[in-house]
Amino acid sequence: MASIDIKGVRKVYPGNVKAIHALDLSIEDGEMVVLVGPSGCGKSTLLRMIAGLETITDGTISIGSDVVNRKEPAERDIAMVFQNYALYPHMSVRQNLEYGLKNRGTPRDEIDRRVTEAARILEITPFLERKPRQLSGGQRQRVAMGRAIVRQPKAFLFDEPLSNLDAKLRGQMRIEIRRLQRNLKTTSVYVTHDQLEAMTLADRLVVMNGGRIEQVGKPIDLYDRPASLFVAGFIGSPPMNLIPVEQLRALAGAAMPVLPEGTDILGIRPDGIMVGGSGGIPLSGVVELIEPVGGESHLYVRVEGIDQVLILVLQGRAEVAETERVDFVLPVAALHGFNRESGKRVE
Amino acid sequence: MDTKRTVFPSQGLPYLLVAPQIIITLIFFIWPAGQAVKSSFEREDPFGLATSFVGLSHYVRLFQDPAYLASIGRTAVFALAVTVISMGLALILAVAVNRLIRSATTYSTLLLWPYAVSPVVAGILWWFLFNSSTGILPYMLSFFGVDWNHQLNGTHAMILIIVAASWKQISYNFLFFLAGMQSVPQSLNEAAAIDGAGPFKRFWTIVFPLLSPTTFFLLIVNLNYTMFDTFGVIDATTTGGPNQATNILVYKVYTDGYIGLNLGSSSAQSVILMLFVIALTVIQFRYVERRVQY
Ligand SMILES: Nc1ncnc2c1ncn2[C@@H]1O[C@H](COP(=O)(O)OP(=O)(O)O)[C@@H](O)[C@H]1O
Ligand SMILES: [Mg+2]
């Protein structure tokens, strides 16, 4: 086990494609860090540089106390779980698990002990003699995890490992990965574009955008205090409502609170808006659409006076119907201020 | 899986459309093959006026004929050598080209050219290169103390036809190996690299086993090629000589039939070859699809 230190790392692909711009990140020993961001933001590139599958254009990556820039993937003592699992199709599950240990000259009895243990933990013992193509998606995923844990590496690297599973299985595997990582306490870097997966798995969340880090922190801190418009829009589902200040000021009149210098966009989470109630900016609008999601309902409301649709999350069943008018308030404490030009949060 | 079905307006049209292919196959393949089978059981008098049924006697005599048995041995040597050399070199070239990122297509195209050359021209090309008085290769070999003369030396002649036949076949094998390698997902190589396998080990434990369907397919195709499709190469270079040293089965059918005018024996030989090609094809169809999968 080890910490991972990324200092001033850049990646330029042939053809002058700048995938990562001078990036710093420290990952502590035993921590699970999730890299999240839209497709093409450079998550996989960063992960593959840690793994040694891509060269590092500039800067240094250290695992433990060693700078690994010049080391082969095999010498970095990390394990990786790929999106397509990358199981060796011509080998049985057992051979897949053994491959990495054999290549490192692990003694036979030690190999058997570790494979048996990993198979037990992941509940794949009954499939050990099968070929990957005889397994379901979820079982393959477990084998891919098994191949990582038998190695007892310094770090696990995951590149969207759950993307190929259906929603239900994805939920289950997410919990299992979390539990496994907690038990083994192996430093992990997990890449995903799914913000829910990111929020639930991460000790620390790294939101990336266009090859740069937007914000790093505990998932709940990022949710509560997004540092930029990008993070505000990316973390949380349904996404945060963003309203231009001038339009709101015209509507709210005296109810408009005093805002810090430079605030020109206000954000509010869909569950922060209160239907009825008082003590905030009072607004009203027409319900265009209701999505009942079971325990809560999502209301799409077109605000009167400003031509914008806000999303409201109500607990339980909605008391209003579509096309009806609804009054609500934006509580001042729930508002987030942003500057449009810099895209940054304003305090 | 969905299967596309085309509905024809009239019942007869589909048959009409496949008719040319069927007719060509009947006239140029099935009918001559039938004739060969028939005449392999018959003896014809020297003037071609009378034929008599002789049963299996052509076959029996063939397998008692030391010249025929020797030809089987030579064919085996030739077929195995060409298959091993052309597949081996093709594999090495495919590995090399597969590592290239930018110029891969250029190299692939250049490596394909020999395949476009007809067997006769390929044979003549190598005959010139190996010509004992004017060729460049004998000149170079002379520095190593080799006195090259494929017109007198049977081993030299065999090497010549092996080289000429392999050279042509490398292109074909290369293309299949390259396509096979490119269909091995890159992530498998990466996973193996992380699992501590060096490039050499990755090739032998991951890529090569995954190529086994391609390898098996090529094995059959190459055996077929060397045994039946190399007439042109031999006719253009050694014409079976010197002293029968390169008279492989397919060429012997011709020499015994058209030059020796022993049509019965020649027919029996071609029937044996035909059975062989049928056997290889059956193996290919039965096993390529199923057993050599992973
Ligand atoms: N091998 C490559 N060559 C050139 N550009 C690449 C290569 N791999 C990725 N890129 C580019 O780098 C950027 C980041 O890619 P990637 O790290 O795969 O994104 P993500 O995993 O976040 O979706 C993208 O713009 C992508 O097009
Ligand atoms: Mg990716």
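Residues numbered from 1 in each chain as written. Chains lettered and ligands numbered in written order. Predicted model: local features only at pLDDT ≥ 70, side-chain atom pairs only at ≥ 80, totals over all residues. Heavy atoms only, no water.

- Labelled according to an unreviewed UniProt entry, chain B appears under the name sn-glycerol-3-phosphate transport system permease protein UgpA, originating from Devosia sediminis.

- Under an unreviewed UniProt entry, the name given to chain A is Sn-glycerol-3-phosphate ABC transporter ATP-binding protein UgpC, and the organism recorded is Devosia sediminis.
- As stated in UniProt under Subcellular location (unreviewed entry), the record for chain A gives "Cell inner membrane".
- Listed in UniProt under the heading Sequence similarities (unreviewed entry), the comment for chain A reads: "Belongs to the ABC transporter superfamily." (UniProt positions renumbered as here; feature names shortened; annotations may be inferred.)

**With respect to the packing of aromatic side chains**
1) Next: With the rule as written, the count across this model stands at 22 aromatic pairs over all chains.
2) Next: Centre to centre, the rings of B:Trp127 and B:Phe128 are 5.3 Å apart; their planes meet at 75 degrees, and the pair counts as edge-to-face.
3) Next: Of the residues examined, B:Trp127 reaches a relative accessible area of 24% and is grouped as partly exposed.
4) Next: Here B:Tyr172 and B:Phe176 contribute two aromatic rings whose centre-to-centre distance is 5.0 Å and whose plane-to-plane angle is 40 degrees, an arrangement assigned as tilted. Taken together, the residues B:Tyr172 and B:Phe176, both in helix α7 (residues 154-182) and four residues apart, mark about one turn of the helix.
5) Next: With relative accessibility at 19%, the residue B:Tyr172 sits in the buried group.
6) Next: For B:Phe176, a relative accessible area of 31% puts it in the partly exposed group.
7) Next: Of the aromatic side chains, those joined through ring pairs into one cluster are B:Tyr115, B:Tyr172, B:Phe176 and B:Phe217.
8) Next: Over the face of the ring belonging to A:Tyr88 we find A:Arg147, whose NZ or CZ atom lies 4.7 Å from the ring centre.
9) Next: The ring of A:Tyr223 carries A:Arg269 above its face, with NZ or CZ at 4.0 Å from the centroid. (Phe/Tyr/Trp six-rings, centres within 6.5 Å; stacked < 30°, edge-to-face > 60°. Buried < 20%, exposed > 50% of the residue type's maximum accessible area, 1.4 Å probe, protein only. Helix = DSSP H or I, 4+ residues; strand = E, 2+ residues; numbered from the N terminus. Lys NZ or Arg CZ within 6 Å of the ring centre and 35° of its normal.)

**Some details on the confidence of the model for chain B**
Residue and element names in this part refer to chain B.
1) Next: Summing up the model confidence of chain B, the mean pLDDT is 85 and the portion of residues at 70 or higher is 95%.
2) Next: Across chain B, helix α8 (residues 186-194) holds the top mean pLDDT of 93, while strand β2 (residues 51-53) sits lowest at 79.
3) Next: Model confidence for the complex: the whole-complex pTM is 0.83, and ipTM, which rates the interface, is 0.86. (pLDDT = per-residue confidence, 0-100.)

**Some points on the interface of chain A and chain B**
1) Next: With 24 residues of chain A at the contact, the number on the chain B side is 18 residues.
2) Next: Taken over both partners, the interface formed by chain A and chain B buries close to 1,700 Å², and the fraction arising from carbon and sulfur atoms is 60%.
3) Next: Our count for the chain A to chain B interface comes out at two salt bridges.
4) Next: For the salt bridge of B:Asp195 with A:Arg151, the shortest nitrogen-to-oxygen distance reads 3.4 Å.
5) Next: Taken together, the links from chain A to chain B amount to 13 residue pairs in polar contact (both at pLDDT 80 or more).
6) Next: Residue assignment for the side of chain A that touches chain B shows that the elements contributing at least two residues are α1 (43-51), β6 (78-81) and α2 (93-103) of chain A.
7) Next: Taken together, the residues that form the side of chain A that touches chain B break down as 15 nonpolar, four polar and five charged. (Contact = heavy atoms within 4.5 Å. Buried area = accessible area lost by both parts, 1.4 Å probe. Salt bridge = Lys/Arg side-chain N within 4 Å of Asp/Glu carboxyl O. Polar contact = N/O pair within 3.5 Å; in protein donor to acceptor, adjacent residues only side chain to side chain. Nonpolar A, V, L, I, M, F, W, Y, C, P; charged D, E, K, R; others polar.)

**Description of the domain arrangement of chain A**
Residues and elements named next belong to chain A.
1) Next: On domain assignment, one finds that chain A holds domain 1 (4-234) and domain 2 (241-338).
2) Next: Using only C-alpha atoms to locate each centre, domain 1 and domain 2 end up separated by 39 Å.
3) Next: Residue-level contacts link seven residues of domain 1 with six residues of domain 2.
4) Next: Together, the buried faces of domain 1 and domain 2 total about 610 Å²; carbon and sulfur atoms form 63% of this surface.
5) Next: Counting the surface domain 1 buries against domain 2, the share from its top three residues, Tyr223, Leu229 and Ala232, is 74%.
6) Next: At the boundary of domain 1 with domain 2, the tally comes to zero salt bridges.
7) Next: Across the contact surface, domain 1 and domain 2 share one residue pair in polar contact (both at pLDDT 80 or more).
8) Next: No other element matches the three residues that helix α7 (residues 219-224) contributes to the side of domain 1 that touches domain 2. (Domains from an automatic or database assignment.)

**A word on the sheet that holds strand β14 (residues 281-292) of chain A**
Residues and elements named next belong to chain A.
1) Next: Here we have five strands laid out as an open sheet, ordered β13-β17-β14-β15-β16, and antiparallel in their pairing. Sheet topology places β13 (274-275) and β16 (309-315) at the edges, where each strand pairs with a single neighbour.
2) Next: As defined by bridge partners, β13 adjoins strand β17 (residues 325-330) across two bridges and the pair is classed as antiparallel. Looking across to β17, one finds that Val275 is bridged to Phe328.
3) Next: Running at roughly 115 degrees to β14, helix α9 (residues 245-252) makes contact with β14, β15 (296-303) and β17 of the sheet. (Pairing = 2+ DSSP bridges. Axes fitted to C-alpha atoms, helices over the stretch in contact; angles between N-to-C directions.)

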